[in-house]
Structures are given as C-alpha cells and as structure tokens.
Amino acid sequence: EKGKQEYKFLGVGDFKDRLTLAPKDLGCIHQDSLDEEYLLMDNDIVFVRSNGSRQLVGRSVLVDTQGEKITYSGFCIRCRLKSDLVNRKYLLGFLTLETTKQTLTSSGSGCSISNLNQKVLSALNVPIPSLGEQERISTILDDLREKYQRLQENHIKNINLCDVLKQALLRKAFNGEL
C-alpha cells in the first residue's frame, strides 16, 4: 500500500510445532510506522501469550529475522536475553519440556482464554550449566528431533502404504478375486 511500510508478522497460527521461524514462514502487514520496541531481533524467543487453547499457551519459537522487519501479535510475548551465558537453542529445548509448559500455564488463566505473563516467565527457574554443556545438550536435542522427524515421516509412509493395500484388497474382494 502506498506510503505504508511492509512488515513480516508473527501470529499465534505461525507457531505450529516449529522451534525456529524465518521471514519466509510469515505473512505481511502494512503500517504507516511501527515503534522499534515491537520489532523482533535475531535470537528473540517469542511465546504464545494467550489463546483459547491452554495447550498452545507457552509454545515458543526462536526468531531469525534474516534482516527483515518482523513484528508480532498482541497474543504473543517476546523474550530478549541480555546475557550470553545462555545458549538460545538450549533454552528453547528447556522451554519445550512438558514440565516447563505446565509451569508456564499453571498460573495463567482467564475465563475462556489462557494467559502467560511476564511475571510467570521471569519466575521460571532455568538450570544453566556451562556453555559447553548447554551446547552438548542442544546437539543431542537436535539429533533427537531429527530422528523423531524421520520416524514420523516413516510412520506416515507406512500408514499410506497400508491404505493402498487396504483399497487393493477391498477392490479384489468386491470383484470376487479373493
């Protein structure tokens, strides 16, 4: 739109099961201007702050802006670490633990909308081993995610093959070929 700037926009629907987000994954909005405070930076972690589904609250993604201007929904909350003592991937792994999600959502509530707030995030007790140990844990988690992804893909292929076999058997049965 004429006179308006284009910004990539991160909304709750963009989280899915992703751990990282790049601009290509996002839609756009057009604004006259936007306060710099609402622009994401590389390595920001963004959480689903509120949603009608408690299971979605607390989901988090690591942002890679790739030089693009990216903003985020009011249903999200941004975490910008000020220390280099925490490996972002390690922290993201910790945040995806079921027990961490339960901690994040146990005090966040509303009538029909579940919420997460800065107070809950600030009170989160994150174990912080040495950077070397964090890197080692992150590498293990990446390997496990990759293996899980392959298993999931194989499972889907097997289900599809079973469906094909079932259809072939049904076709033969109804054609009197069995």
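Everything quoted here is computed from the prediction, not taken from an experiment.

### Regarding the layout of surface pockets
Consideration 1: Empty space within the largest pocket amounts to approximately 620 Å³.
Consideration 2: What lines the largest pocket is a set of 21 residues, among which Asp17, Arg18, Leu19, Thr96 and Arg145 lie closest to the centre.
Consideration 3: Contributions of two or more residues to the lining of the largest pocket are made by β6 (60-63), α1 (88-95) and α4 (131-174).
Consideration 4: Looking at the lining of the largest pocket, the element that brings in the most residues is α4, giving eight residues.
Consideration 5: Broken down by class, the residue content of the lining of the largest pocket amounts to seven nonpolar, six polar and eight charged.
Consideration 6: Size it by volume and the second largest pocket reaches roughly 290 Å³.
Consideration 7: In terms of lining residues, the second largest pocket is bounded by 14 residues, among which Cys79, Leu81, Leu91, Leu121 and Val126 are the most central.
Consideration 8: Looking at the lining of the second largest pocket, the elements that each hand over two or more residues are β8 (76-79), α1 and α3 (118-122).
Consideration 9: The dominant element in the lining of the second largest pocket, judged by the number of residues it contributes, is α3, at three residues.
Consideration 10: For the lining of the second largest pocket, the per-class residue count stands at 10 nonpolar, two polar and two charged.

### Description of the packing of aromatic side chains
Consideration 1: Under the counting rule described, the total for this entry stands at one aromatic pair.
Consideration 2: Plain terms: the ring middles of Tyr38 and Tyr72 are 6.5 Å apart, the flat faces sit at 50° to each other, and that makes the pair tilted. Of this pair, Tyr38 sits in the loop between β3 (27-31) and β4 (45-48) while Tyr72 sits in strand β7 (residues 70-72), and the two are 34 residues apart along the sequence.

### What about the sheet that holds β7?
Consideration 1: With respect to topology, three strands assemble into an open sheet ordered β3-β1-β7, the strand pairing being mixed. Unpaired on one side and paired on the other, β3 and β7 mark the two borders of the sheet. On average, each strand axis in the sheet is tilted by 50° relative to the strand beside it, whichever way the strands run.
Consideration 2: One ladder, built from five bridges, connects strand β1 (residues 5-10) with β3; its direction is antiparallel.

### Quick notes on the pairing of β4
Consideration 1: On β4, burial covers both faces: Ile45 and Phe47 on one face and Val46 and Val48 on the other are all buried.
Consideration 2: Here three bridges tie β4 to β6, and the two strands are oriented antiparallel to one another. Bridge pairing links Phe47 to Ser60 in β6.
Consideration 3: Looking at chain direction, β4 and β8 are connected through four bridges and run antiparallel. Directly across from Val48, in β8, lies its bridge partner Cys76.

Parameters and conventions
- Residues numbered from 1 in each chain as written.
- Predicted model: local features only at pLDDT ≥ 70, side-chain atom pairs only at ≥ 80, totals over all residues.
- Heavy atoms only, no water.
- 1 Å grid on protein atoms, 1.4 Å probe; cavity = no way out; pocket = protein on both sides within 12 Å on 5 of 7 lines; lining within 4 Å.
- Points joined across faces, edges and corners; volume = space filled by probe spheres on them.
- Helix = DSSP H or I, 4+ residues; strand = E, 2+ residues; numbered from the N terminus.
- Nonpolar A, V, L, I, M, F, W, Y, C, P; charged D, E, K, R; others polar.
- Phe/Tyr/Trp six-rings, centres within 6.5 Å; stacked < 30°, edge-to-face > 60°.
- Pairing = 2+ DSSP bridges.
- Axes fitted to C-alpha atoms, helices over the stretch in contact; angles between N-to-C directions.
- Buried < 20%, exposed > 50% of the residue type's maximum accessible area, 1.4 Å probe, protein only.

Remember, this is a structural readout, not a statement about activity or role.
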